[in-house]
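# Tertiary structure, described
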Amino acid sequence: MERMHGDGFLSGQRVLVVSPHADDETYGCAGTIARIKSLGGEAFVLLGSLGGVDHYGSASRGETMHRVSANTRLDEFNTAMGLLKVDDWDVMFPQESMHLALDTVPRKDLVRIIERDSRLSVQNIQPTMLLIPSISYNQDHEALFRACMTASRPGLRTERHFIPHVLAYDNTSLFWSPEHERFHPNFYIDVSEFLDVKLNALRAHASQIRGPLFHGSPEGLDLQTQLRGREISVHAAEGFVTHRTVF
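All of these numbers come straight from a predicted model, not from anything done at the bench.

Two elements in contact, helix α8 (residues 195-204) and helix α9 (residues 218-231), have axes whose closest approach is 10 Å; the angle formed by their N-to-C orientations is 150°. Judged by the angle between their axes, α8 and α9 are roughly antiparallel. Our pair here, α8 against α9, has a crossing hand that is right-handed. Of α9, the residues touching α8 (which contributes L195, K198, L199, L202 and R203) are P218, L221, D222, T225 and Q226. Here the contact of α8 with α9 is composed, by residue class, of 5 nonpolar, 2 polar and 3 charged.

Structure follows, in structure tokens:
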């Protein structure tokens, strides 16, 4: 059982994470990445878009909007990837105009990038595990979810790489979804020993940090990861929705 479900299973994984934005990989599966890497497995992150972002300011401080540049987010992402010790990472659309606009890209083009054209495509990496964003109100997340499902469709092993494990990862914003799209995890990974790594990776995305009452704050992520842990009676866990698992 340990070989199938514990460290023995995770140590043999070659995981490809598709992240819509810089920080989504951290919210959803940074602990899993860190655990796999600690066991000798491999991890690669394919980032969707990397544009500047306008954030709401604090009315109490007289602020309106403030802008975070693409270069700032790239630097933060690079730091987070270093903390997680990923083997490599790449950006699908580095141009600023594509941020929050992936839904304007024809799905066939997104699929082609994920499937074979990116340096870290499924064809090039040949992952044993694909971690994809869950569907949500965010148009980039939804576009990449749909494209990833197409790119990981089953096929003949002689014709294209078959990914045994396809999982959708969590996000602290998924409570704001129509009922039929709510996130209901059915696959968990114990990340109790890697919770600090996960939180430090989020703090590396410093421009995105908000106060403790914000659902996506380090404090909010800490609570959510511990809540997932309580669902399986461990200190901290990451939850996933299984779309395919083949042994």
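Here we take up the pattern of salt bridges. Under the counting rule described, the total for this entry stands at 16 salt bridges. Across the salt bridge formed by R228 and D170, the nearest N and O atoms sit 2.8 Å from each other. Taken together, the residues R228 in helix α9 and D170 in the loop between β7 (165-169) and β8 (187-190) connect sequence positions 58 residues apart. The class of R228 is buried, set by a relative accessible area of 13%.

Pairing is mixed in the open sheet, where 7 strands are placed in the order β5-β2-β1-β6-β7-β9-β8. Looking at strand neighbours, the two that pair on one side only are β5 (88-93) and β8, the edges of this open sheet. This sheet shows a mean twist of 25° between the axes of neighbouring strands, independent of strand direction. Of the pairings in the sheet, the one linking strand β6 (residues 129-133) to β7 comprises 5 bridges and is parallel in character. When the sheet's bridge partners are listed, L131 is paired in β7 with L167. Packed onto the sheet, helix α4 (residues 70-84) meets β2 (42-49) and β5 and runs at close to 150° relative to β5. On the sheet, helix α5 (residues 107-117) packs against β2 and β5 and is oriented at approximately 165° with respect to β5.

About the thresholds
- Residues numbered from 1 in each chain as written.
- Predicted model: local features only at pLDDT ≥ 70, side-chain atom pairs only at ≥ 80, totals over all residues.
- Heavy atoms only, no water.
- Axes fitted to C-alpha atoms, helices over the stretch in contact; angles between N-to-C directions.
- Helix = DSSP H or I, 4+ residues; strand = E, 2+ residues; numbered from the N terminus.
- Parallel < 35°, antiparallel > 145°, perpendicular 65-115°, else oblique.
- Left-handed = near helix turned anticlockwise from the far one by under 90°.
- Contact = heavy atoms within 4.5 Å.
- Nonpolar A, V, L, I, M, F, W, Y, C, P; charged D, E, K, R; others polar.
- Salt bridge = Lys/Arg side-chain N within 4 Å of Asp/Glu carboxyl O.
- Buried < 20%, exposed > 50% of the residue type's maximum accessible area, 1.4 Å probe, protein only.
- Pairing = 2+ DSSP bridges.

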